[in-house]
Every structure is written in structure tokens, then in C-alpha cells.
There are 2 protein chains.
Amino acid sequence: MDQTAPQKGTVTGRAIEQLKAMIGEGRLEPGERLPTERDLATQLGISRSSMREAIRALTVMGVLEARHGSGIYVTQLEAGDLLETFGVVADLSRGRRLVELLEVRRVLESTATALAAARISADQLADVEKHLEAMNATEDPEEILSHDLAFHRTIALAAGNDTMAAILEGLSSRTFRARVWRGYQEEGAFERTRREHARIHCALVARDPEAARAAAAAHVGEVEEWMRAQLDG
Amino acid sequence: MDQTAPQKGTVTGRAIEQLKAMIGEGRLEPGERLPTERDLATQLGISRSSMREAIRALTVMGVLEARHGSGIYVTQLEAGDLLETFGVVADLSRGRRLVELLEVRRVLESTATALAAARISADQLADVEKHLEAMNATEDPEEILSHDLAFHRTIALAAGNDTMAAILEGLSSRTFRARVWRGYQEEGAFERTRREHARIHCALVARDPEAARAAAAAHVGEVEEWMRAQLDG
DNA sequence: GGGCGAATATTTATCAGACCACTTGGCGCT
DNA sequence: AGCGCCAAGTGGTCTGATAAATATTCGCCC
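All values reported here derive from a predicted model rather than from experimental measurement. (Residues numbered from 1 in each chain as written. Chains lettered and ligands numbered in written order. Predicted model: local features only at pLDDT ≥ 70, side-chain atom pairs only at ≥ 80, totals over all residues. Heavy atoms only, no water.)

A few words on helix α10 (residues 174-186) of chain B. Helical geometry note: an α-helix holds 3.6 residues per turn, so side chains three or four residues apart project in the same direction. All names here are of chain B. Between its first and last C-alpha, α10 extends 18 Å over 13 residues, near the 18 Å set by a 1.5 Å rise per residue. At V180, α10 shows its maximal kink, close to 30°. Among the residues of α10, F176, R177, V180, W181, Y184 and Q185 are the ones counted as buried. Two residues or fewer past α10, G188 is found with a positive phi of approximately 65°. (Helix = DSSP H or I, 4+ residues; strand = E, 2+ residues; numbered from the N terminus. Expected span 1.5 Å × (residues − 1). Bend = angle between axes of the 7 residues up to and from the residue. Buried < 20%, exposed > 50% of the residue type's maximum accessible area, 1.4 Å probe, protein only.)

Rendered as C-alpha cells:
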């Protein structure tokens, strides 16, 4: 039959697949600029509207980046770019899935913290301490949350697996944490959180991966258990 | 009028955020049908083209589903819907990130297998065995891969964490596995793979979580190590 | 009266063309 | 040579129309 344009799915869907294929096969290098929307539409034999929808789809996936007036570029395809949508999942999840996400986070966070205990550099450790102190020096929940996020982010990056760090970033995204925290911290968990953070820091300083893993697992596990209780109650 | 959204970012970007907010705040329930494209465009004061791009964006994220001739619906917001894009990440990753993804998979897969050892039902265990036997009964790589995927998927689902299963599904997506497998299996790893699968199955039957965790970690770790060696060589 | 099929209405999918907003690079002026 | 302005190029948005798939309604036949 017709091997150039088989009739499957929607026109836009095909365009998305073709663009993905171009990048997947290496015909488009990271950072490279694509032809214009108009040219691409002509090449694939579709209208500019449909082409734009396909481009928009790949843009939200973090594969492409459109710069107004300049052109369309392939991103560096780094973990952070591609896993941005992960945060959306966290934001839209409720109830049971929230617990499941926390369970995933517990598994990854404990592993990342264990790896960090073995690999963290002096500079990174200093950063961790900076956020730890800043977190303990204020009572503003907004600021505490901010440093808490940075505390864990620094550790995740020190683990040396950017992909894992990017996933954890999504699982700790601002609105996600804020939603869970609102209730959790109301029950006076500040002090316990401080102790848990201190224990994690201790394990990092001692370069003890197993202690770090246990401390991180317990830290996330606390929130997880609270969340689980909220659902039952 | 509407003084809440004066001038930030692109029109389409704003529409995406507004739609996300509607769903996030629960103003749109899962499965519910949205107003028509035209109505939505009018409500938000934008053109239908822009509205369509916003809808397309949320469609690829797995949040919305458009049915030709019928309308636009909110998905059930299940893990599988939302984490579909995870497979795209795996497909577009190369080199170092491929190893990082395998590391993530090793961590999650071993945890899921350990959980499954404790929770798997008789029916599910029978399914696992079915795929294990089918995998050993053929020499067709395509069929082996297919049953291998089903083997691990069944175990992940038995772990009882749908979110984790969905992520693992993405990390094991067909093209991802196929790419890695092509080289790996050429080195005659079939026999070793069989032994590893058998060990995992054994641990499940014995309901021994720690043995299951170790077996799964070793299984993925084998591929991971091979991949790492490929990069250096 | 009830079931069933065709006509009709609704809605998404796609296309075409125009104009606006922003970026970039070159051209001319100082 | 340096600076500033302008024009071409490009993504962003809008309008309106047509096709295709689905949902609804109505009329016909039994």
C-alpha cells in the first residue's frame, strides 16, 4: 500500500510520532534548531495548526523548546527537562495515590541519601548544613518548606544520579509538599522533623550509607504513615 | 470582568494552567465531560486554536481525553494515565542517563518484587508462572521479550502499588527494553536470564521478601553493569 | 404503541489565511 | 569602529470554514 503516510490515528498524533522518531534516531541533535513551523508542516503534508499542536505536545514533554521570534529547538534532553511533567502527576493526585507516591519517594529518597553518604563532597555537605541551619533558625513555615526542599535536593544531587534527583524533585514539588505539609505540621511535627533531619545529616557526616538510608526512610515514612492514617480516619 | 489573569506568559500557557487548576481544585471530577472547545475558548477569552493547543497539552499528559465527535473528558487520573510520558523519557535517553534509569529501575523493581513476595495472590502467582514457562518454551526473541515484560508487570501489580507499577511499566517500555536487549542478549545471556527469573519466582513461592529483593536487584543489576561497561568500552 | 433506521444536530479534527509580537541581523548613521 | 534603527524571519494568536465521527431526534414501518 502506501508506505509514506499510513492511515493510523490522527494527523497530529502521527506528526508527534514522526518528530519523536527524528529525535530518537538522532537525526536531530540536542540543542539543534528545527525547521520553521511552516516548513515542518509542509514537509509532513499537514496544516500549520496541526503541526503546532504536535510541537506543543513535545514542548510540554520537555523535548522541544519554542523561542518566540527565534525558532524551535531540541532541548538538551536532560533529566530535569524530561521529568518536569512528573510534578503534575503529584499535584493532581489525591487519597490513595498520594500514599503510593510517598512510598515511591521513600524508596528513592532513602536510596539517594545512602548513595549521597558515600559520595557527597565537602562543598555539597556544607550546602546541606547551610539549609539545615536556616531551616532551624526560622519559624516561617514558607521558609522552612523552602529550605527543607533544598536540603533534600542537595542530597539527591550529591547521590550522583541526576535522573533519580529529577524524579524526587517532581515528587517533592512545591504544591505537593505544601498540600501534605499543611496538615502534617499542624500536629506539631516540627520538632520531630528537626530531629530526623539532624539524624540524616549525622549519617552523611559519618559517611554511613546504611544509617543514612534508615534515617531517610524513617523521615519519609513518618509522613507516609500520617497520610495513611488520614485516609482511614 | 476577570481581573485575575491580566498578562502572564502566553495565552495557551495560561489556558493550560487554568485547566489544571480546575481539575486540581476538584471543580472537574474524573470522568466528567468538559464544555465544548468553543465554549471553553469563549469562557477563557481565547481563540479555539489556542484552546485546542492547551487541550492537546493536557491530553499528552494523560489528564484529558478527547473523543472525536463526542467531547472532552477528564480521565480517571489513574497512575497509568498520568505516567505514560515516562516511557517517552526512557525512549529518548541514551548513554549515561540510560544507566541512571536502570539504576532507578533496579531500586524500584527490587522493592516491588519484595512487596510482591509478601502480598501476591495464588491467581497472580499462577500468571507469573504462566509467563515464566512461556518464556522458556520459545526461542523467538520477540516473544521472549513480550513474556519477560508481562512477567515483571504481573509482579509489579502484585506489589499493590499501582503508581510504582506504572513507573516501572514506563521504564520497561517496549522500545527501551528492545534497545538494551538487542546487545545484551547477543552475548548469550539467555541462560543467565532464565536462572535469574527462576530465582525470583522461587522467592515469590517461598514468600521470602528479602530473597525476592536480592534476586530482582541482581537481575536488573546484571543489565545495568553490562550497560555501564558498554559506555566505558 | 414500539422498535428501528435515516435525517439532523453536535462536537472534535483539520485546514487555510491573515495579523500580531518578538528576535535577529544587517544597514546606515554618527 | 560603535551605535541605533529598521526590515525580514519566526513563533503566537485569531478568524472562519470544511470534514469526520458521534449523539440525538424524528418519522416510518410493523
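What follows deals with the interface of chain A and chain B. Accessible area lost upon the coming together of the parts serves often as the stated size of an interface. Each partner contributes residues to the interface: chain A has 40 residues there, and chain B has 41 residues. The contact between chain A and chain B buries some 3,600 Å² in all, and 63% of this surface belongs to carbon and sulfur atoms. On the chain A side of the interface with chain B, the three residues burying the most area are E53(A), R56(A) and L92(A), jointly 17% of the side's total. Counting the contacts that link chain A with chain B gives four salt bridges. For the pair chain A and chain B, the number of links is 17 residue pairs in polar contact (both at pLDDT 80 or more). Looking at the side of chain A that touches chain B, the elements that each hand over two or more residues are α1 (11-24), α3 (48-60), α4 (79-82), α5 (85-92), α6 (95-119) and α9 (162-171) of chain A. (Contact = heavy atoms within 4.5 Å. Buried area = accessible area lost by both parts, 1.4 Å probe. Salt bridge = Lys/Arg side-chain N within 4 Å of Asp/Glu carboxyl O. Polar contact = N/O pair within 3.5 Å; in protein donor to acceptor, adjacent residues only side chain to side chain.)

This part takes up the pairing of strand β2 (residues 71-74) of chain B. Residue and element names in this part refer to chain B. Here β2 shows two buried faces, one formed by G71 and Y73 and the other by I72 and V74. As paired elements, strand β1 (residues 64-67) and β2 share four bridges and run antiparallel to each other. For R67, the partnering residue across the bridge sits in β2 and is G71. The antiparallel hairpin formed by β1 and β2 contains three residues in its connecting segment, where G69 sits at a positive phi of about 85°. (Pairing = 2+ DSSP bridges.)

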